[in-house]
Amino acid sequence: MSAVLIMLTIDSLAAITPGGSNVPPYTVINQHIDYKFVAERGIDVPVVGEAEPLFGRPLDSAAAAALIERGKMVIQSRACIDCHTFFGNGAYYAPDLTKAWLDPDWEGWQAVTGADTREGAMVRFLMDPEQYRTWTRTMPNLGIAEPEAQALVAYLKWMAAVDTNGFPPNFNRAEKK
Amino acid sequence: MTLTGLVSSYYYVNAEFLFGILPFNIAKILHINTLVLWLLMGFMGSIYWFLPQELGRETAGVWAAEQLFYVFCAAVAVVAVVFIFVQYGSSTETALWFINQGRKYVEAPRWAAVGVVVIMGVFAYNVIGTAIAARKTTGIITVLMIDLIPLILLYLIAFPALTNMSADLFWWWWLVHLWVEAT
């Protein structure tokens, strides 16, 4: 039993290490991310496209890793997982953030926040969510500074490119009807 | 635990309740962490009650255990006060060490996690030391002694802040499923 667990652990960790089969390297934030249905697997999978650097600045692997590491520190320091879910794990008070980068609502938020880009809108929102009240449950202001918000957006973009075997299902489907 | 559970559930009815004062995630943290802590203290307390009966002598290191009970209570109070009144730090290691680690069920700051390891270390000494001093063991005590190994080792997963969320949750699941539900 222990041998099986050890083998499964080694196999799983290989798949989920950045650059492994399911998790892209951190430099994926320099590219366009999409989420497309693949008939052979019967699920949506992330599709990494052409160059689309975040905030207009392509980053090398060390800089991308540092930015994303900071993003994770923001997530932990603000305990985001105790309102939101990541890969479906967390609290159920606020939306799942696995594919938040791909949420089509960000186009509308660009107009509301006066930002030129999706990442710009996300940063402005995160820095003062109370100014941009969302539906019934407003996200509180967590004192997120601009560099932290940028790191957090980078994190969400990388996370959206993780192959989660189709989680969340039907993302964006309702919009397309 | 009950109070913060009620508060957390009331937010679903009235999302403006205590808005800007006590956010949902802090109320939830207090609720789930007090749950884990009182279960842990209950399990330890029942073993402290049981040990002398089972092994026929006073617990080895019982004075240390008694002191640590009060230290544990004080630490929980400090952690709770910081959660309620400080809530968040910035994205630095210092914030993780002193305010909030932000991983579900193990949000307590790292200094408190170190304290838990110390307490479990003394607990292990109490159990094993009493068995050695009594020069005997029983089926239950043997299982308990073996259980002390994953109890401490799996809890160490509460310490790292892995960048990769997938790997973070992979290891976190060993902590939650095996530590909370098995050991």
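Residues numbered from 1 in each chain as written. Chains lettered and ligands numbered in written order. Predicted model: local features only at pLDDT ≥ 70, side-chain atom pairs only at ≥ 80, totals over all residues.

Q: What am I meant to see in the overall build of chain B here?
A: In terms of helices and strands, chain B carries seven helices and zero strands. The linear arrangement of helices and strands in chain B, starting from the amino end, is α-α-α-α-α-α-α. Expressed as lengths along the three principal axes of its C-alpha atoms, the size of chain B is roughly 60 × 35 × 30 Å. Here chain B holds 183 residues, and 32% of them are scored as buried. Taking the intrachain contacts of chain B between residues at least 6 apart in sequence as the baseline, contacts between residues at least 24 apart amount to 61%. (Helix = DSSP H or I, 4+ residues; strand = E, 2+ residues; numbered from the N terminus. Buried ≥ 20, exposed ≤ 12 C-beta atoms within 10 Å, placed from the backbone. Contact = placed C-beta atoms within 7 Å.)

Q: Where do I start with the pairing of strand E2 (residues 43-51) of chain A in this structure?
A: Each regular strand shows side chains that alternate between the opposite faces of the sheet. Residues and elements named next belong to chain A. Bridge analysis of strand E1 (residues 31-38) against E2 gives seven bridges, and the strand direction is antiparallel. Among the inter-strand pairings, Asp-34 is bridged to a residue of E2, identified as Val-47. Turn length for the E1-E2 hairpin, with the two strands adjacent in sequence and antiparallel, is four residues, and the turn residue Gly-42 shows positive phi of about 70°. (Pairing = 2+ DSSP bridges.)

Q: Is there a simple way to explain the packing of helix H3 (residues 105-113) of chain A against helix H4 (residues 118-127) of chain A in this structure?
A: Each pair of packed helices can be described by the angle between their axes along with the distance between the axes. Residues and elements named next belong to chain A. Between H3 and H4, the shortest axis-to-axis distance is 8 Å and the interhelical angle comes to 65°. By the angle between their directions, the pair H3 and H4 is classed as roughly perpendicular. Here H3 runs over H4; the crossing is left-handed. For the pair H3 and H4, the contacting residues are Trp-106, Trp-109, Gln-110 and Thr-113 in the first and Arg-118, Ala-121, Met-122, Arg-124 and Phe-125 in the second. Counted by class, the contact of H3 with H4 contains five nonpolar, two polar and two charged residues. (Axes fitted to C-alpha atoms, helices over the stretch in contact; angles between N-to-C directions. Parallel < 35°, antiparallel > 145°, perpendicular 65-115°, else oblique. Left-handed = near helix turned anticlockwise from the far one by under 90°. Nonpolar A, V, L, I, M, F, W, Y, C, P; charged D, E, K, R; others polar.)

Coordinates in, geometry out; function isn't part of it.
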